[in-house]
Amino acid sequence: MPETEIQELIGTAIGQLAYSYAPYSGFRVGAALLAQNGRVYTGCNIENAAYGPSNCAERTAFFKAVSEGVRQFRAICVVGGPEGRLDAYTPPCGVCRQVMMEFCQPEEFEIILATGIKDYKVYTLKELLPQGFGPGNLSKESEENGPGNIEIC
Ligand SMILES: [Zn+2]
């Protein structure tokens, strides 16, 4: 992905920190999800007094997109930290990686972790979720191709 596009996504993700609802952990997270159609879907973490119903920024962004009929994605940027301070990278939790596995090509989908516009690292989903279990594992084709060879996106 071109650097300018990456930096734009980082800026959008940072902007989402303002909407983060994290009264319990104080850990604010923002995400910006770039779809194949060029649109960007935003997300923030949304905590809950009962803890369990809390939702991550990444999944908020994915569910917004999927609920509007969008299922093909290129990249997501995630930023976060205590009270929104971006001191370190905030990698997606295991649940969010699994949701990405449902809709994204592991070798191609890019996950951008950033602490600022000029400080970021780019990973593929496959790097963050090796041998992930996805839709391909449930299709007949997967018996021939083995895990990870997913045609659906
Ligand atoms: Zn998560």
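Residues numbered from 1 in each chain as written. Predicted model: local features only at pLDDT ≥ 70, side-chain atom pairs only at ≥ 80, totals over all residues.

**Section: the overall build of the protein**
From N to C terminus, the protein includes 6 helices and 5 strands. Since a compact globule built from 153 residues should have a radius of gyration of about 15 Å, the 15 Å found for the protein is in line with a globular shape. Residues counted as buried form 36% of the 153 residues belonging to the protein. Across the protein, every contact between residues at least 6 apart in sequence was considered, and the portion connecting residues at least 24 apart equals 56%. (Helix = DSSP H or I, 4+ residues; strand = E, 2+ residues; numbered from the N terminus. Rg over C-alpha atoms; globule rule 2.2 N^0.38 Å. Buried ≥ 20, exposed ≤ 12 C-beta atoms within 10 Å, placed from the backbone. Contact = placed C-beta atoms within 7 Å.)

**Brief notes about the nonpolar core**
Ala31, Leu33, Ile76, Cys77 and Val78 are the most contacted members of the largest nonpolar core, which has 36 residues in total. The set of elements that each furnish at least two residues to this core consists of helix H1 (3–16), strand E1 (27–35), strand E2 (40–44), helix H2 (57–66), strand E3 (73–82), helix H3 (94–103) and strand E4 (110–116). Considering each element in turn, this core owes the most residues, 6 residues, to E3. (Core = buried A, V, L, I, M, F, W, Y, C linked by C-beta atoms within 7 Å.)

**Remarks on the pairing of strand E5 (residues 119–124)**
Here 6 bridges tie E4 to E5, and the two strands are oriented antiparallel to one another. Paired with Gly116 across the bridge in E5 is Asp119. Following E4, the chain reverses through 2 residues before pairing antiparallel with E5. (Pairing = 2+ DSSP bridges.)

**Some details on the packing of H2 against H3**
Angle between the axes and distance between the axes are the two parameters that describe a pair of packed helices. At a closest axis distance of 9 Å, the pairing of H2 and H3 adopts a crossing angle of 25 degrees. By the angle between their axes, H2 is roughly parallel relative to H3. The element H2 and its partner H3 pack so that their crossing is left-handed. Across the interface between the two elements, Glu58, Arg59 and Phe62 from H2 touch Cys96, Val99 and Phe103 from H3. Broken down by class, the residue content of the contact of H2 with H3 amounts to 4 nonpolar, no polar and 2 charged. (Axes fitted to C-alpha atoms, helices over the stretch in contact; angles between N-to-C directions. Parallel < 35°, antiparallel > 145°, perpendicular 65-115°, else oblique. Left-handed = near helix turned anticlockwise from the far one by under 90°. Nonpolar A, V, L, I, M, F, W, Y, C, P; charged D, E, K, R; others polar.)

**Description of unusual backbone geometry**
With phi around 60 degrees, Tyr51 is a residue other than glycine that occupies positive phi space. Taking the number of C-beta atoms within 10 Å as the measure of exposure, Tyr51 has 9 and is therefore exposed. Although it is not a glycine, Gln131 sits at a positive phi angle of roughly 55 degrees. Topologically, Gln131 is positioned in the loop between helix H4 (125–128) and helix H5 (135–138). By C-beta crowding, Gln131 is classed as exposed, having 8 other C-beta atoms within 10 Å.

**Points about the confidence of the model for the protein**
Per-chain confidence: the protein averages 94 in pLDDT, with 92% of residues scoring 70 or above. Within the model, the stretch residues 146–150 combines pLDDT values under 50 with 12 contacts to residues more than four positions away or in other chains. (pLDDT = per-residue confidence, 0-100.)

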